[in-house]
Amino acid sequence: MQEQYQRLRKLQYILFEKYKVQDEIKDIPKVIETNEQVLERSKERYLEQNRRLERAKDKLKSLKIRLDDAERAREGYEKQMDLISTQKEYEALDKEIKDASEKEQQLRKEILSEEKHVEELISEIEDSEELISSQEEDLQEHRQQMEEELSVKQSRLRELEAEEKDLVVDMDEEILFKFERIIKSKSGVGIVPIKEIVCTGCHMQLSQQFVNEVREGVEYQFCPYCSRILFYEDAKTEETIAADIEAGSLSDLVDMDDFDLN
Ligand SMILES: [Zn+2]
């Protein structure tokens, strides 16, 4: 049984590390997703700017047509001036010419302002093009980094899985299944020693009879409160491990020198 406990303690380190690496692998593409979303929004904005430019150009075209019409109308009235004979006719025509001129002035102003608008849009579009191309470069760079990171983590994962495989080779599957779940839910600590009659994982008091069963070490015993696997060790080791658990860190709990990780 002692050998089994030793193996489980090695295994808990490997499993904890494995779950951590798996989580990290899952998180890596998220950076890229954010980059992709930013680029996507830039492209949408770029398309919208182009649509606005088309609309502005159409408006400019129609303003120019209206200006032509207004000019022709005024020229027509001016020609009619030669034909009028009464003061009343003169006044009426003079008013038409003034109105037409005013309209021309108004349209010229609108054309100038619309031309300015078109120029601004063109410059915005150029800025967007630059932004998009730099965001595409960033994305490319991040993709490359991601692939490198991913390949490092995946090879670490394969190492851990190989070590895990060696350790679990003839282990009881049900125990293993339970143990993996405890590791996941108890931040990496799945097997703890009993100190006197207290579980050093959750500090709950256990019955003397239960403690005796753990001590006999005939079969695996799970703490009825925190579900961790319990084992009994001599006082010195017990204290060391209990102190480490108090410190709350797995890396403290697991002495790396105990492991031959290769
Ligand atoms: Zn417990």
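The preceding data block contains the structure.
The present account deals with the structure reproduced in this document. What you are looking at is a predicted structure, and each value in this text was computed from that prediction instead of being measured.

### Here's the deal with the nonpolar core
Of all hydrophobic cores here, the largest spans 31 residues; its most connected members are Leu 8, Leu 11, Phe 179, Ile 191, Tyr 220 and Ile 229. Elements supplying a minimum of two residues to this core: helix H1 (2-80), helix H2 (87-168), helix H3 (173-185) and strand S4 (229-231). Of all the elements, H1 adds the most residues to this core, at 12 residues. There are two domains that each give this core at least three residues, and those are domain 1 (14-168) and domain 2 (173-258). Contact partners of Ile 191, with chain neighbours within four places excluded, come to Tyr 5, Leu 8, Arg 9, Gln 12, Phe 179, Ile 229 and Phe 231.

### Thoughts on the coordination of the zinc ion
Bound to the zinc ion are the protein donor atoms Cys 199 (SG), Cys 202 (SG), Cys 223 (SG) and Cys 226 (SG), situated 2.3 Å from the metal. Bound by 4 donor atoms, the zinc ion shows angles of 106 to 113° at the metal and therefore tetrahedral coordination geometry.

### A look at unusual backbone geometry
Even without glycine at this site, Glu 196 takes up a positive phi of about 50°. Topologically, Glu 196 is positioned in the loop between strand S1 (191-195) and strand S2 (198-199). What makes Glu 196 exposed here is its relative accessible area of 65%. One non-glycine residue with positive phi stands out, namely Ser 227, at about 70°. With respect to the element layout, Ser 227 can be found in the loop between strand S3 (221-222) and S4. Residue Ser 227 is classed as partly exposed on the basis of its relative accessible area of 38%.

Procedures and definitions
- Residues numbered from 1 in each chain as written.
- Predicted model: local features only at pLDDT ≥ 70, side-chain atom pairs only at ≥ 80, totals over all residues.
- Heavy atoms only, no water.
- Core = buried A, V, L, I, M, F, W, Y, C linked by side-chain atoms within 4.5 Å.
- Buried < 20%, exposed > 50% of the residue type's maximum accessible area, 1.4 Å probe, protein only.
- Helix = DSSP H or I, 4+ residues; strand = E, 2+ residues; numbered from the N terminus.
- Domains from an automatic or database assignment.
- Contact = heavy atoms within 4.5 Å.
- Donors = N, O, S within 2.8 Å, 3.2 Å for Na, K, Ca; no water.
- Tetrahedral: all angles 85-135°; square planar, octahedral: opposite > 155°, others 65-115°.

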